[in-house]
Amino acid sequence: MNNKEPHASSWLLKPLKILLVAFLLGSSLAGCASDDDTVDEPQTQETETASDTTDSSGGEESKKTTEANKASEAPAAEEKPETKTDTQTYTASEMTVTYLDVGQASAALIESDGHYALIDGGNREDSDLIYTVLKNKGVTNLDVIIGSHSHEDHIGGLAGALNEATASTILCPVTSGDTKTFQSFAKYASEKGPGITVPTIGDTYTVGDAKITILGLNAGDDTNDTSIICSLQNGETSFLFSGDAEYPAEQAVLNSDYASLLKSNVYTVGHHGSDTSTSDAFLDAIDPQYGIISCGKNNSYGHPDAAVLTKLKDHGVKILRTDLQGDITCKSDGKTVACEPSKNRDADAMVPGTKAEDKSEADQAAAAPASVPQSSEYVLNTSTHKFHRPDCRSVAKMKDKNKEVVNESRDQIIAQGYEPCKICQP
C-alpha cells in the first residue's frame, strides 16, 4: 500500500508540471512578440513620452500615438519655406544723395536712416559751405568721409566738415601730401577722427541701411588715376562715384572681379565731364539713368566736354549739372531713384563748357590777377579763408588760433582757396 501511494502522487503531479511549463513558455513568447512590435520604432522624444503614459500592453497604442505626432508635425515642416518667402519684404530706408554746387569741384552728402557720409568736399574756399550744410542738418558725426584723391578741388573743404562734425572712418588713396590743403585735411582727420585710412579694393562701409563698396583706387601714377572708385548701394539701387579717374583707372575696374558692381542708377560723371574720362566701355557697364556733372560756370578746362555730353545723351542718360542747376538731390527708396535740381529744371544740359583759350584776349586780361611780387608776407585767416596784408586792420581783430603768417606768392595763396581781403586788397 505504501509503495502505490507515492506512485499515484507522482502521476497526479505530471499534468500540473506540463501546464506550468506551457504557461511559462507562452508568457516568454508573448514577451518576445511585444519586443518585436517596437524594435523598428525610432527612439524619438515623442515615442519615449508616449510610452511613459501607456501600460505594458499598449505597444500598438504607443505606435499610433507616435505616428499621430509625426503627422501633426508634417504640415509645419512643409510651411517653413512658404513662411520664409512671405517674410522677405524690403526693409531699406529712404536714402538721399545731395550733389552740392561747389563750382569747379565735387562734393556729395549722403543721408540714410539718420546716418551721414561725405564723398569729397569741394575747394578749400568751400569749407564754410560744407560747415554750414552740416550744421543746418544737425550732423554731429559722419560715418564715412571719402576724399577721392589729393587734389584740392576734392579735399579742400573736408577740413570745414571736420570743424563741425567728427568722423568714424576717413578714406583717401594716400595718407600724406605736400600741399597745405592736404596737410590741413590730414590734421583735422586725426583731431576729429581716426586719421586717414587707405582702403583696399572690396572693402565695404555702412551708412545707415546703405553700403559703400570700394571698386578701385591707385590704378596709376597720375594723381587722377589714384582716385577711389566706389559704389553706393541702397536696396536695389546704386550710385557710382569715380572722382577724377581717367581711362586707365576705369579699365582697371572693368578688368577686375568687381566690374558687375559698376551698373548704377546714378553716375557722378568722371572728372567733371572731361573727355579723359567716361570711356564707352565704362559707360556701357554703368548703364545709368542719371548722369550728374559737378563743374563750375565758365571754368578754364572747358568742362563738361561736348563729346562726353553727346555720349551720355546717346546712351539715354538724363544729364543734370551743378553749374546750371545748383544743388542736385537724388532720392532712393531702395527700388527706384528720382533726381531733381534746385533750380533751372529745364536748363539745356547739352551746352559744353568754354575753355580759357576760347575767350577773347580782353576777357582773359580782365580775369588775370594784378601784377604782384613773386613772394611776399601775408596773413591768412583759416576760419574765413581770406588773406590780408600784415598791416591790415582786420589782422589786429583776428583770433590767434585762426591766424597764419605765410611767405608765399599771391597766386599760391589763391590756389589754396583763399580770397583777398576787400579792405587791404593784398
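For the structure itself, consult the block above.
Described in the following lines is the structure provided in the data block. (Residues numbered from 1 in each chain as written. Predicted model: local features only at pLDDT ≥ 70, side-chain atom pairs only at ≥ 80, totals over all residues. Heavy atoms only, no water.)

1. Here we look at the overall build of the protein
1) Next: From N to C terminus, the protein includes 14 helices and 18 strands.
2) Next: Per element, the accessible surface of the protein, about 22500 Å² overall, is 50% carbon and sulfur. (Helix = DSSP H or I, 4+ residues; strand = E, 2+ residues; numbered from the N terminus. Areas by Shrake-Rupley, 256 points an atom, 1.4 Å probe, with all protein chains shown as cover.)

2. Some thoughts on the packing of aromatic side chains
1) Next: Tallying each qualifying case throughout the model produces four aromatic pairs.
2) Next: Their ring planes at 90° and their centres at 5.7 Å tell us that Phe-182 and Phe-185 sit as a pair that is edge-to-face. You can see Phe-182 and its partner Phe-185 sitting in helix H7 (residues 180-191), three residues apart, about one turn around the helix. Residue Phe-182 shares its accessibility class with Phe-185, and that shared class is buried.
3) Next: With a centroid separation of 6.2 Å and 75° between ring planes, the pair formed by Tyr-267 and Phe-282 is classed as edge-to-face. On the criterion of sequence distance, the pair formed by Tyr-267 in strand E10 (residues 266-268) and Phe-282 in helix H9 (residues 280-286) is long-range, its members being 15 residues apart.
4) Next: Exposure remark for Phe-282: the relative accessible area of 0% places this residue in the buried category.
5) Next: Sitting over the ring of Tyr-188, Lys-187 keeps its end group 5.5 Å from the ring centre. (Phe/Tyr/Trp six-rings, centres within 6.5 Å; stacked < 30°, edge-to-face > 60°. Buried < 20%, exposed > 50% of the residue type's maximum accessible area, 1.4 Å probe, protein only. Lys NZ or Arg CZ within 6 Å of the ring centre and 35° of its normal.)

3. Some thoughts on the sheet that holds strand E15 (residues 376-381)
1) Next: Across the sheet, four strands lie side by side as E17-E15-E16-E18; this open sheet has mixed pairing. At either margin of the open sheet sits one strand with a lone partner, and together these are strand E17 (403-408) and strand E18 (419-420). (Pairing = 2+ DSSP bridges.)

4. Some thoughts on the nonpolar core
1) Next: Core analysis: the largest hydrophobic core is formed by 29 residues, its most contacted members being Val-97, Tyr-99, Leu-232, Phe-239, Phe-241, Val-266 and Cys-330.
2) Next: When sequence neighbours within four positions are dropped, the list of residues in contact with Leu-232 reads Met-95, Val-97, Ile-110, Ala-210, Lys-211, Ile-212, Thr-237, Ser-238, Phe-239 and Phe-241.
3) Next: By size, the runner-up hydrophobic cluster in this structure holds 28 residues, among which are Val-102, Leu-118, Leu-158 and Phe-185. (Core = buried A, V, L, I, M, F, W, Y, C linked by side-chain atoms within 4.5 Å. Contact = heavy atoms within 4.5 Å.)

5. Focus: the state of the cysteines
1) Next: Applying the stated criterion to the full structure yields one disulfide.
2) Next: Two residues share a disulfide in this structure: Cys-330 and Cys-339, whose sulfurs sit 2.2 Å from each other. Across the S-S bond of Cys-330 and Cys-339 the torsion is about 110°, and the bridge reads as right-handed.
3) Next: According to the relative accessible area criterion, Cys-330 is buried, its value standing at 0%.
4) Next: A relative accessible area of 6% places Cys-339 in the buried class. (Disulfide = S-S within 2.5 Å.)

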